[in-house]
Amino acid sequence: MDLNDRIKKIALGLANREQAHRAGIDRAQSVADDLHARVDTAIGLFNEVVAENVSYLEVAVSATRVDDKHLHAVEFNLERGRHRAVVTVKSKGVVTLVGPFRVGKNEGPCLSFPIDAQEDIDDALGDFLERFLEEAASP
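Residues numbered from 1 in each chain as written. Predicted model: local features only at pLDDT ≥ 70, side-chain atom pairs only at ≥ 80, totals over all residues. Heavy atoms only, no water.

Core analysis: the largest hydrophobic core is formed by 24 residues, its most contacted members being L35, L78, L97 and F128. Breaking this core down by element, the ones donating at least two residues are α2 (22-51), β3 (73-80), β4 (83-90), β5 (94-102) and α3 (118-136). The element that contributes the greatest number of residues to this core is α3, accounting for eight residues. (Core = buried A, V, L, I, M, F, W, Y, C linked by side-chain atoms within 4.5 Å. Buried < 20%, exposed > 50% of the residue type's maximum accessible area, 1.4 Å probe, protein only. Helix = DSSP H or I, 4+ residues; strand = E, 2+ residues; numbered from the N terminus.)

Given below as structure tokens:
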């Protein structure tokens, strides 16, 4: 079997295996997209305020993508300098807020919620963003 045939066989096997996770990943993507839109709007407002006088405090919100650590999860980051925070939505139905932390340091603290616990997620998300913004703006 030549290299291309071997790779195609591997790809088909993995694609077939992963079909069992498709619905959970699609749901995770949908929830992550909703959270991303809300966070991006809030951070956009923050950036508008600081842009006039202290633009060095501006925060970037990454696009959603497959989680760096968990294949069956979707994540996005908040970034300012070395400061990071991560929002992860796992296909098994869990939303995790990671950080804030500094790049090169251990990630954490983490807060996890069932994907349907919207009220708890909403409350925690505000606290999470506030902690990140305070830490990211600290010298």
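Our focus in this paragraph is the packing of α2 against α3. Between α2 and α3, the least distance of the axes is 12 Å, while the angle of their chain directions is 35 degrees. For the pair α2 and α3, the sense of crossing is right-handed. Together, L35, R38, V39, A42, I43 and F46 of α2 and Q118, I121, D122, L125, L129 and L133 of α3 make up the contact between the two elements. Broken down by class, the residue content of the contact of α2 with α3 amounts to nine nonpolar, one polar and two charged. (Axes fitted to C-alpha atoms, helices over the stretch in contact; angles between N-to-C directions. Left-handed = near helix turned anticlockwise from the far one by under 90°. Contact = heavy atoms within 4.5 Å. Nonpolar A, V, L, I, M, F, W, Y, C, P; charged D, E, K, R; others polar.)

Side chains of E119, D120, D123, D127, E130, E134 and E135 sit close together on the surface and give a patch of like negative charge. With respect to the helices, strands and loops of the structure, E130 is situated in helix α3. (Patch = residues over 30% accessible without salt bridge, like charges linked within 9 Å, V, L, I, M, F, W, Y side chains within 5 Å. Areas by Shrake-Rupley, 256 points an atom, 1.4 Å probe, with all protein chains shown as cover. Salt bridge = Lys/Arg side-chain N within 4 Å of Asp/Glu carboxyl O. Lys, Arg positive; Asp, Glu negative; His and termini not counted. Charge placed at Lys NZ, Arg CZ, Asp CG, Glu CD.)

Moving on, we come to α3. Here α3 spans 26 Å end to end across 19 residues, near enough to the 27 Å set by a 1.5 Å rise per residue. Here α3 has its buried residues at I121, A124, L125, F128, L129, F132, L133 and A136. In an axial view of α3, the angular spread of the buried residues amounts to 165 degrees, which keeps them on one side of the axis. Summarising the geometry of α3, the exposed residues directed more than 90 degrees from the buried face are E119, E130 and E134. Against the buried residues of α3 lie α2, β3, β4, β5 and β6 (110-114). (Expected span 1.5 Å × (residues − 1). Arc of directions from axis to C-beta.)

Time to look at the confidence of the model for the protein chain. Considering every residue of the protein chain, the mean pLDDT works out to 92; 99% of them sit at 70 or more. Least confident of the elements in the protein chain is α3, whose mean pLDDT is 90; most confident is strand β1 (residues 60-61), at 98. (pLDDT = per-residue confidence, 0-100.)

On to unusual backbone geometry. With an omega of 10 degrees, the peptide bond between G99 and P100 qualifies as cis. Tracing the backbone through its elements, the reader meets P100 in strand β5.

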